[in-house]
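One-letter residues, chain by chain:
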Amino acid sequence: EEEEGEEEEEVALEEPWLAPLIGSGGKDAPAPEPRAAKEPRQLAWMRAPPLGDDPTLHMCVAAFSSDFALLETSLLPHGETIPSPEIQAASLDHSMWFHHEFRADEWLLYEMESPAASGGRGLAFGRLYNRQGTLVCTVAQEGLIRRVKGGNGMSNMSKMKKDGGSGGKGEPPSPPLRPSKL
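Here is a short report on the structure shown in this document. Please read all numbers here as calculations on a predicted model, not as lab measurements.

Cut-offs applied
- Residues numbered from 1 in each chain as written.
- Predicted model: local features only at pLDDT ≥ 70, side-chain atom pairs only at ≥ 80, totals over all residues.
- Heavy atoms only, no water.
- Helix = DSSP H or I, 4+ residues; strand = E, 2+ residues; numbered from the N terminus.
- Buried < 20%, exposed > 50% of the residue type's maximum accessible area, 1.4 Å probe, protein only.
- Contact = heavy atoms within 4.5 Å.
- Areas by Shrake-Rupley, 256 points an atom, 1.4 Å probe, with all protein chains shown as cover.
- Pairing = 2+ DSSP bridges.
- Axes fitted to C-alpha atoms, helices over the stretch in contact; angles between N-to-C directions.
- Polar contact = N/O pair within 3.5 Å; in protein donor to acceptor, adjacent residues only side chain to side chain.
- Salt bridge = Lys/Arg side-chain N within 4 Å of Asp/Glu carboxyl O.
- Phe/Tyr/Trp six-rings, centres within 6.5 Å; stacked < 30°, edge-to-face > 60°.
- Expected span 1.5 Å × (residues − 1).
- Arc of directions from axis to C-beta.

Remarks on the overall build of the protein
- If you tally the helices and strands in the protein, you get two helices and five strands.
- Ordered by position in the sequence, the α and β elements of the protein form the string β-α-β-β-β-β-α.
- Expressed as a percentage of its 182 residues, the buried residues of the protein come to 34%.
- Sequence-distant contacts, at least 24 apart, represent 67% of the contacts inside the protein between residues at least 6 apart.
- For the protein, the exposed surface amounts to about 10,900 Å²; the carbon and sulfur share of it is 53%.

A short note on the sheet that holds strand S1 (residues 41-46)
- Read across the open sheet, the five strands follow the order S1-S3-S4-S5-S2; overall the sheet is antiparallel. Looking along the sheet, the strands with just one partner apiece sit at the ends: S1 and strand S2 (87-98). Averaged over neighbouring strand pairs, the angle between their axes works out to 20 degrees when direction is ignored.
- Note: strand S3 (residues 108-118) against strand S4 (residues 121-130), nine bridges, orientation antiparallel. Looking across to S4, one finds that Ala 116 is bridged to Leu 123.
- Sitting on the sheet, helix H1 (residues 55-66) touches S1, S2, S3, S4 and strand S5 (135-147), and the angle it makes with S2 is about 150 degrees.

Quick notes on the side chain of Gln 42
- One can find Gln 42 in strand S1.
- Take Gln 42: its relative accessible area is 19%, and that puts it in the buried class.
- A polar side-chain atom of Gln 42 sits 3.3 Å from the main-chain carbonyl oxygen of Ala 69.

Looking at the pattern of salt bridges
- If you walk through the whole model with that rule in mind, you get eight salt bridges.
- Residues Glu 111 and Arg 41 are paired through a salt bridge, measuring 2.4 Å at the closest nitrogen-oxygen approach. With Glu 111 in strand S3 and Arg 41 in strand S1, this pair connects stretches of sequence that are 70 residues apart.
- Judged by relative accessible area, which is 10%, Glu 111 ranks as buried.
- The residue Glu 142 makes a salt bridge to Arg 121 at a minimum N-O spacing of 3.2 Å. With a gap of 21 residues between them, Glu 142 in strand S5 and Arg 121 in strand S4 connect regions that are remote in the sequence.

A look at the packing of aromatic side chains
- The final tally for this structure, using the stated rule, is one aromatic pair.
- Between Phe 98 and Phe 102 the ring centres are 6.1 Å apart and the planes differ by 15 degrees, which places this aromatic pair in the stacked class.
- Taking the relative accessible area as the measure of exposure, Phe 98 reaches 34% and is therefore partly exposed.
- What makes Phe 102 buried here is its relative accessible area of 11%.

Considerations on H1
- For H1, spanning twelve residues, the distance from its first C-alpha to its last is 16 Å, which sits close to the expected 16 Å at 1.5 Å a residue.
- For H1, the set of buried residues is His 58, Val 61, Ala 62, Ser 65 and Ser 66. One face of H1 carries all of its buried residues, which in axial projection span an arc of 130 degrees.
- For H1, the elements touching its buried residues are S1, S2, S3, S4 and S5.

See below:
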């Protein structure tokens, strides 16, 4: 319960579904432990706007939100982030296991880590914990991650279609990232 005169800070967003990943969890959420900048691990507090009592909706919102920063975790040791004009990334698979009921409109700590990123792919795992510290969901994702030549990673897909599948000017598509080239 909030004391009189105190209101939680509101964040105005163009995309309200991104609300779970904005901010540090508000003044009532515990701060995550700081990590080394290039360690393949991230912590984020997530909370959706009020959703009602349908547990399926809470699982769907968690599934949508869990995809937002997970694959990016595999790029942290390489000094890259998503979105980036130099990086093209796409989810190849995304699996979730729900262990306990939870509410996506209450604070959840999203712990993300990546054990591998090579051969143009990244592998990442995530765990969602409620405020009581109970593991409520486990996530696994593998994704395509590659450098693109001179341009926006998303727009190069359009260029490839226009140029008959090439990376532009008759050249083959950019090769996938390799650990030595990250």
